[in-house]
Amino acid sequence: GHRAKLIDGKGFAAGLRQQVANRVAALKASHGIVPGLAVVLVGDDPASEIYVRNKGRQTLEVGMQSFEHRLGAETSQQALLDLVARLNADPAVHGILVQLPLPPHIESAAVIAAIDPAKDVDGFHIQNAGLLATGGRGLVPCTPLGCLMLLKEELGDLSGLDALVLGRSNIVGKPMAHLLLAENCTVTIAHSRSRNLPDLCRRADILVAAVGRPQMVKGDWIKPGATVIDVGINRLPAPEKGQDKTRLVGDVDFEAASLKAAAITPVPGGVGPMTIAVLLANSITAAERQSARESGE
Ligand code: NDP
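Residues numbered from 1 in each chain as written. Predicted model: local features only at pLDDT ≥ 70, side-chain atom pairs only at ≥ 80, totals over all residues.

- The name given to the chain in an unreviewed UniProt entry is Bifunctional protein FolD, and the organism recorded there is Iodidimonas nitroreducens.
- Entered under Pathway (unreviewed entry) in the UniProt record, the comment concerning the chain runs "One-carbon metabolism; tetrahydrofolate interconversion."
- One UniProt comment on the chain, placed under Function (unreviewed entry), says "Catalyzes the oxidation of 5,10-methylenetetrahydrofolate to 5,10-methenyltetrahydrofolate and then the hydrolysis of 5,10-methenyltetrahydrofolate to 10-formyltetrahydrofolate." (UniProt positions renumbered as here; feature names shortened; annotations may be inferred.)

The structure is reproduced here in C-alpha cells:
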C-alpha cells in the first residue's frame, strides 16, 4: 500500500549547518567578526543540560564562539538580569539564549524582556513576537521556523493551503501559525478547548502537531495527501528494549498517519534536529545584522 514520504529533518539540518558555517566564514572574511552565542543555564535540569551541551558543540562546529554560563538553581532573578545586561553589552556576544524552563522563583517573562531584541536568537522577546505578528523583520522562534523550512522544501509555495496548527504555545503553536499565515495559508489554531479536533484535522493540507500528547493524532484524522509535521517529543516506556528503557514518539500516530499522508516527519529525526540548526542560523543572522548596523551598511 501507500506510504508517506519521510521528511528528513536530520539531513536538512546538516545542510543548514553547512550554510551557516559558510556565512560564518564570510563574516570573518569581510568584517573580521567571529559570531558568538551565549547560552545561560540556571539549575541542573538533566534535559536542559543535554540541550545546552549539544548547542555548545554545534556552535563550535560551525565556527562560532560559544559562551556557556552555568548558574546554580538558587541564583536570584537580579543576578540573572545582571548577567543578561553584561551579555547585552558584550560586543563578542551576538546571540543570547536563556535556557527554559527557569526555576520557579524566577519570572521568565522578565528575563526574556531584558534580552536585547537584536540578540534574542530564541525569538521570544515581545518585540520579536510583535514583528512576526505584524510582518516585520525580527528573529523568529527556532522550532516553528524549522518546521516552515521543512514545509517549503517539501511543498514549495504554500499559498492557499489549509493549515491546522495543533497547540497554541508562545514557543511553537502561535509563531507557527503566524509563519503559515505569512505564507498565505488559511490557518486554524486548535487547542485543548477546541471542539471536533478530528474534523478540524481532516480539512488540513498541512498539519502541525505541537501538543505534547503521545500519538494523540490518529491515522483517520489525516486528510489523504496531507503533509504532517510532528513537533512532539514524548517518552514512552519500551519494555521490549529492556527494563526501564524508553522510546521517543511524537504527537502523531506515525504508523497509521503514514498510510494517509503524502509526507511526514519521523520522531526522532524530523523536527528535533532542526531546532539547534535554526538557532545557529538565527545567531549568524543576528551577527550579520549587528555588524551591518555598526559599520553603517
Ligand atoms: P505546551 O505544553 O506549552 O503547549 C501545548 C499545547 O497543546 C497547548 O496549547 C495546549 O492547549 C494544547 N493541548 C494540550 N492537550 C491538548 C489536547 N488534548 N487537545 C488539544 N490541544 C491540546 O507545549 P509546547 O508548545 O512547548 O510543546 C509541544 C510539544 O512539542 C511537546 O511535546 C514538546 O516536547 C515538543 N517540542 C519540541 C521541540 C523540538 O522539536 N525541538 C521544541 C519545543 C517543543 P491549551 O493552550 O488550551 O492548554
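1. Examining the sheet that holds strand β4 (residues 95–98)
The strands that make up a sheet are held in pairs by hydrogen bonds between backbone atoms, and each pair lies either parallel or antiparallel.
Alright, step 1. The strand order β3-β2-β4 describes an open sheet built from three strands, whose pairing is parallel. Strands at the two margins of the open sheet, each flanked by one partner only, are β3 (65–71) and β4. Within the sheet, the average angular offset between the axes of one strand and its neighbour, ignoring direction, is 15°.
Alright, step 2. Against the sheet, helix α3 (residues 77–89) engages β2 (36–42), β3 and β4, with an angle of about 175° to β2. (Pairing = 2+ DSSP bridges. Helix = DSSP H or I, 4+ residues; strand = E, 2+ residues; numbered from the N terminus. Axes fitted to C-alpha atoms, helices over the stretch in contact; angles between N-to-C directions. Contact = placed C-beta atoms within 7 Å.)

2. Let's talk about the UniProt feature "domain: Tetrahydrofolate dehydrogenase/cyclohydrolase catalytic" (unreviewed entry) in the chain
Alright, step 1. Summarizing the sequence annotation, UniProt attributes the feature "domain: Tetrahydrofolate dehydrogenase/cyclohydrolase catalytic" (unreviewed entry) to residues 7–122 in the numbering used throughout.
Alright, step 2. Across residues 7–122 one finds 51% helix and 16% strand; the C-alpha atoms that close the span lie 24 Å apart.

3. Topic: the confidence of the model for the chain
Alright, step 1. Here the chain averages 97 in pLDDT, while 100% of its residues score no lower than 70.
Alright, step 2. Overall fold confidence (pTM) sits at 0.98, and the ipTM for the predicted complex is 0.99. (pLDDT = per-residue confidence, 0-100.)

4. Topic: the site of the ligand
Alright, step 1. Every one of the 23 residues lining the ligand counts as a neighbour, but Gly 167, Ser 169, Ser 192, Gly 212 and Thr 275 are closest to it.
Alright, step 2. Taken together, the residues that form the shell around the ligand break down as eight nonpolar, 12 polar and three charged. (Near = placed C-beta within 6 Å. Nonpolar A, V, L, I, M, F, W, Y, C, P; charged D, E, K, R; others polar.)

5. Things to note about the UniProt feature "binding site: NADP(+)" (unreviewed entry) in the chain
Alright, step 1. UniProt records the feature "binding site: NADP(+)" (unreviewed entry) at Gly 167, Arg 168, Ser 169 and Ile 233, using the numbering of this structure.
Alright, step 2. Relative to the assigned elements, Ser 169 resides in the loop between β5 (162–166) and α7 (173–182).
Alright, step 3. Excluding its chain neighbours within four sequence positions, the residues that come into contact with Ser 169 are Lys 174 and Ala 210.
Alright, step 4. Position of Ile 233 relative to the elements: it lies in the loop between β8 (227–230) and β9 (234–237).
Alright, step 5. C-beta crowding within 10 Å serves as the criterion here: with 18 such atoms nearby, Ile 233 is assigned to the partly exposed category.
Alright, step 6. Ile 233 has contacts with Leu 248, Val 267 and Gly 272, leaving out every residue within four places of it along the chain. (Buried ≥ 20, exposed ≤ 12 C-beta atoms within 10 Å, placed from the backbone.)

6. Brief notes about the sheet that holds strand β6 (residues 186–190)
Alright, step 1. Pairing within the open sheet is parallel, and its six strands lie in the order β1-β11-β8-β7-β5-β6. Looking at strand neighbours, the two that pair on one side only are β1 (5–6) and β6, the edges of this open sheet.
Alright, step 2. In this structure, β8 lies alongside strand β11 (residues 263–264), joined through two bridges in parallel fashion. Residue pairing across strands places Thr 227 opposite Ala 263, the latter belonging to β11.
Alright, step 3. Contacting β7 (206–209), β8 and β11, helix α6 (residues 142–155) runs over the sheet at an angle of about 160° to β8.

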